[in-house]
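The chain contents come next:
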Amino acid sequence: MCGIVGAVAERDVSKILMEGLRRLEYRGYDSAGLAVLEGNGLHRLRVAGKVNDLADSLKQSPLKGTTGIAHTRWATHGKPSVENAHPHICKDQIAIVHNGIIENYESLKQAQIANGHAFQSETDTEVVVNQIYDSFSDTGNLLEAVFAATDKLDGAYALGIISPSEPGRLIAARRGSPLVIGIGIGEHFIASDVLALLSVTQKFIFLADGDIADITCDGVVIYDENRKVVKRPVSISELSHDVAGKSGYRHYMLKEIFEQPRAVHDTLAGAFNNGRIDETVFGQKAGKLFDRVKAIKIVACGTSYHAGLVARYWAESIANIPCDVEIASEFRYRKSVVHPDTLFVTISQSGETADTLAALQLARHSGFAASLAICNVPESSLTRESDLVFLTRAGAEIGVASTKAFTTQLVALLMLVTVLGRRLGMTSETEAAIVGQLQQLPGRINSALELDGKINLLSKQFINKHHALYLGRGLLLPIAMEGALKLKEISYIHAEAYAAGELKHGPLALVDEDMPVFAVVANNELLEKIKSNLQEVKARGGRLYVLTDTGVQLEKDDDIQVLKVAHVEDSIAPIVFTVPLQLIAYHIAVFKGADVDQPRNLAKSVTVE
Ligand code: AGP
């Protein structure tokens, strides 16, 4: 999704802006641009392409300045083009970059056209720059102009604003879309996330919703939504500045897949006390709030939603607690019945997903017992607005396709159902067994990673495939869904997952020798059932690829290719089986020559509806 960088300094900021844009590339975008102030001049460069294209353009026409803003655009209103790329400028007086969607842009546009504005782009953003220009003409003060203009906007925005009439001043505004301020020594910055600025600072202020900041080299003054000056805390980021490196891997996604043993280990660090899960990992108030909880409601999107689906199986089978899971974009627009003893759980890698955030905001006024965010980004909007927080410690995830964030979400959810189950009759033996299995998990994931070579060889077979089916049962059905999502996201092969028992109710009609069918098979009470489902596929000539563990014996059959992970206990099987499915998607995408880390049309942080 769109990325913003801005800077005000006594040195040339164009290199800082370009480095920031590079670090935001992972968010997904289709055009890029920057604008700087040099003396009283405003200079802009934009390209419909990648940050490298912008860098080439900069070589041809260098820009230098001490105040500037830059942007990567993920198209919403209007195609990717130079005209639609940011920064947008009004009459050489105001330049802005924007992330978000202005919902009342059509009515504002009509009013502005009536006032004599001529539009240069198809974007919703252009109404913002015009509105600020009009207010600036009235007030003669950039900050006052932003106060007045933002009062007229409906929707979500993070904005960076500069004007050649006030060089050395950068205004930032935030409502709904994320924005951080980076604190330097005699220089200050803004960005959509901290990763963009790690090469210039480790100190950050996270703007609250409705905040507007007046930023100069000398300092930062923040106004809250009532236009009162407020102090926001300064946080020191623990991320190192080369966090965005690939450490020798060909893609971020592969690096992140291989980081999973470490990510799980870090997520479990400090979680156990005398062989039990220490519930304060969910927050100091967790014990008291959990005492009330008799049911769980989980809301999330995409991969995080799949983590929620696994949790439902765990919650009801291990912990005896009812659990309902829903896609955030559905939950937020439907009337639902809330039982007051229900814990509302959001799951999000980024903590900024607009639908999940809106669902949380709705839930906070709907009578749930408490809210818990399971999130990989400290100080994200989701963590700030939840009663309880579990921070997964996957580390920054750059590949758009979520991998290590997912497996660490599963770890958090298994711990959550265990501490809730304790209150509902789960035995201490069951808890001890789960703790033991969690402690084994990094090692189990390492063994699953050993399949990488085999999977690489196997993946060549899929280069010309256009469709694939994924099958699973029980706890492994959501894992089949996640495998299918990974494949379609990065290889653009159409893939669907089904509960294996549903095959005969429709999808079996699709099966022929051209249809690869991936089945994820656990060594549990459903084994014989899914074996029968595999026969149904075989009888129709389908090509079967079975992912299972060494404890499962399948009859030797040349039509079935089998990949086996080392023995894995049932409760952690979903986490371990995820890893080979990630590798399958990765290698197929690489063979197809796809842009693995930045798949087309997708964004890492989906901050608009
Ligand atoms: C994951 O591979 C996807 N890119 C996507 O489905 C993602 O999980 C979804 O957009 C939710 O994001 P979040 O976890 O940051 O809320």
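Residues numbered from 1 in each chain as written. Predicted model: local features only at pLDDT ≥ 70, side-chain atom pairs only at ≥ 80, totals over all residues. Heavy atoms only, no water.

A. Geometry of the overall build of the protein. Of regular secondary structure, the protein possesses 18 helices and 27 strands. Rg of the C-alpha trace for the protein: 25 Å, near the compact-globule value of 25 Å for 609 residues, within the 12% margin. Taken along its principal axes, the extent of the C-alpha atoms in the protein is 80 × 55 × 45 Å. A burial count over the protein gives 61% of its 609 residues as buried. Taking as baseline every contact in the protein between residues at least 6 positions apart, the subset at least 24 positions apart corresponds to 72%. By element, 48% of the accessible surface of the protein is carried by carbon and sulfur atoms, the whole surface being about 23,400 Å². The averaged location of the 72 negative side-chain charges in the protein is 2 Å from the averaged location of its 61 positive side-chain charges. (Helix = DSSP H or I, 4+ residues; strand = E, 2+ residues; numbered from the N terminus. Rg over C-alpha atoms; globule rule 2.2 N^0.38 Å. Buried < 20%, exposed > 50% of the residue type's maximum accessible area, 1.4 Å probe, protein only. Contact = heavy atoms within 4.5 Å. Areas by Shrake-Rupley, 256 points an atom, 1.4 Å probe, with all protein chains shown as cover. Lys, Arg positive; Asp, Glu negative; His and termini not counted. Charge placed at Lys NZ, Arg CZ, Asp CG, Glu CD.)

B. Structural detail: the layout of surface pockets. Looking at the largest pocket, its volume works out to about 850 Å³. Residue lining of the largest pocket: 37 residues in total, with Val194, Leu239, Asn376, Val377 and Pro378 positioned closest to the centre. Mapped onto the lining of the largest pocket, the elements with two or more residues apiece are strand E11 (203-206), strand E15 (234-236), helix H7 (260-268) and helix H12 (381-384). Here the residues of the lining of the largest pocket sort into 14 nonpolar, 11 polar and 12 charged. Residue-level mapping places the lining of the largest pocket at the junction of two domains, with at least three residues from each of domain 1 (2-236) and domain 2 (246-448). (1 Å grid on protein atoms, 1.4 Å probe; cavity = no way out; pocket = protein on both sides within 12 Å on 5 of 7 lines; lining within 4 Å. Points joined across faces, edges and corners; volume = space filled by probe spheres on them. Nonpolar A, V, L, I, M, F, W, Y, C, P; charged D, E, K, R; others polar. Domains from an automatic or database assignment.)

C. Highlighting the domain arrangement of the protein. Domain annotation of the protein identifies domain 1 (2-236), domain 2 (246-448) and domain 3 (450-598). On a C-alpha basis, the centroid separation for the pair domain 1 and domain 2 is 34 Å. Counting each side, the surface lost to burial between domain 1 and domain 2 is near 690 Å², with a carbon and sulfur contribution of 59%. Where domain 1 meets domain 2, there are 0 salt bridges. At the junction of domain 1 and domain 2, the tally comes to 1 residue pair in polar contact (both at pLDDT 80 or more). Residue composition of the side of domain 1 that touches domain 2, by class: 6 nonpolar, 2 polar and 1 charged. (Buried area = accessible area lost by both parts, 1.4 Å probe. Salt bridge = Lys/Arg side-chain N within 4 Å of Asp/Glu carboxyl O. Polar contact = N/O pair within 3.5 Å; in protein donor to acceptor, adjacent residues only side chain to side chain.)

D. Structural context of the sheet that holds strand E14 (residues 229-230). Taken together, 7 strands build an open sheet; the order of strands is E5-E6-E7-E8-E12-E13-E14 and the sheet is antiparallel. Strand pairing shows two members of the sheet lacking a second neighbour, strand E5 (88-90) and E14, which therefore form its edges. In this structure, strand E8 (residues 170-175) lies alongside strand E12 (residues 212-215), joined through 4 bridges in antiparallel fashion. In the sheet register, Ala172 faces E12, and the bridge partner there is Ala213. Packing against the sheet, helix H4 (residues 125-139) makes contact with E5, strand E6 (94-99) and strand E7 (157-162), and its axis sits at approximately 140 degrees to E6. (Pairing = 2+ DSSP bridges. Axes fitted to C-alpha atoms, helices over the stretch in contact; angles between N-to-C directions.)

E. Up close: the packing of helix H14 (residues 428-449) against helix H18 (residues 573-591). Look at H14 against H18: their axes get within 9 Å of each other, and the N-to-C directions meet at 30 degrees. It follows from the interaxial angle that H14 and H18 lie roughly parallel. Relative to H18, the crossing made by H14 is right-handed. Contacts between H14 and H18 involve Leu441, Arg444, Ile445, Ala448 and Leu449 on the former and, on the latter, Ile575, Val576, Val579, Pro580 and Leu583. A per-class count over the contact of H14 with H18 returns 9 nonpolar, no polar and 1 charged. (Parallel < 35°, antiparallel > 145°, perpendicular 65-115°, else oblique. Left-handed = near helix turned anticlockwise from the far one by under 90°.)

F. Spotlight on unusual backbone geometry. Look at the link from His86 to Pro87: it is a cis peptide, with omega at -5 degrees. Relative to the helices and strands, Pro87 is located in the loop between strand E4 (67-73) and E5. Residue Ser247 is not a glycine yet carries a positive backbone phi of 45 degrees. With respect to the helices and strands, the residue Ser247 is situated in the loop between E15 and helix H6 (252-258). We classify Ser247 as exposed; its relative accessible area is 60%.

G. Structural detail: the site of the ligand. Around the ligand, the structure places 15 residues, and the nearest of them are Ser304, Ser348, Gln349, Ser350 and Thr353. A distance of 2.7 Å is found between an oxygen atom of the ligand and a side-chain nitrogen or oxygen belonging to Ser350. Thr353 has a polar side-chain atom sitting 2.4 Å from an oxygen atom of the ligand. Within the complex, the protein chains bury 90% of what would otherwise be the 410 Å² of accessible surface of the ligand. Structurally, the ligand is housed in the second largest pocket. For the shell around the ligand, the secondary structure elements donating two or more residues are helix H9 (302-318) and helix H16 (477-491). Among the residues forming the shell around the ligand, the class breakdown is 5 nonpolar, 8 polar and 2 charged. (Near = heavy atom within 4 Å. Sits in = over half its atoms within 2 Å of the grid points.)

H. Main features of the packing of aromatic side chains. One pass over the structure, following the stated rule, counts 10 aromatic pairs. Ring centres of Phe147 and Tyr223 lie 5.2 Å apart, and the angle between their planes is 80 degrees; on these two criteria the pair is classed as edge-to-face. With a gap of 76 residues between them, Phe147 in helix H5 (residues 142-151) and Tyr223 in strand E13 (residues 220-223) connect regions that are remote in the sequence. The class of Phe147 is buried, set by a relative accessible area of 11%. Here a set of aromatic residues connected by ring pairs shows up, and it is made of Phe462, Tyr470, Phe518 and Tyr545. Lying over the aromatic face of Tyr252, Lys246 brings its terminal NZ or CZ to 5.3 Å of the ring centre. (Phe/Tyr/Trp six-rings, centres within 6.5 Å; stacked < 30°, edge-to-face > 60°. Lys NZ or Arg CZ within 6 Å of the ring centre and 35° of its normal.)

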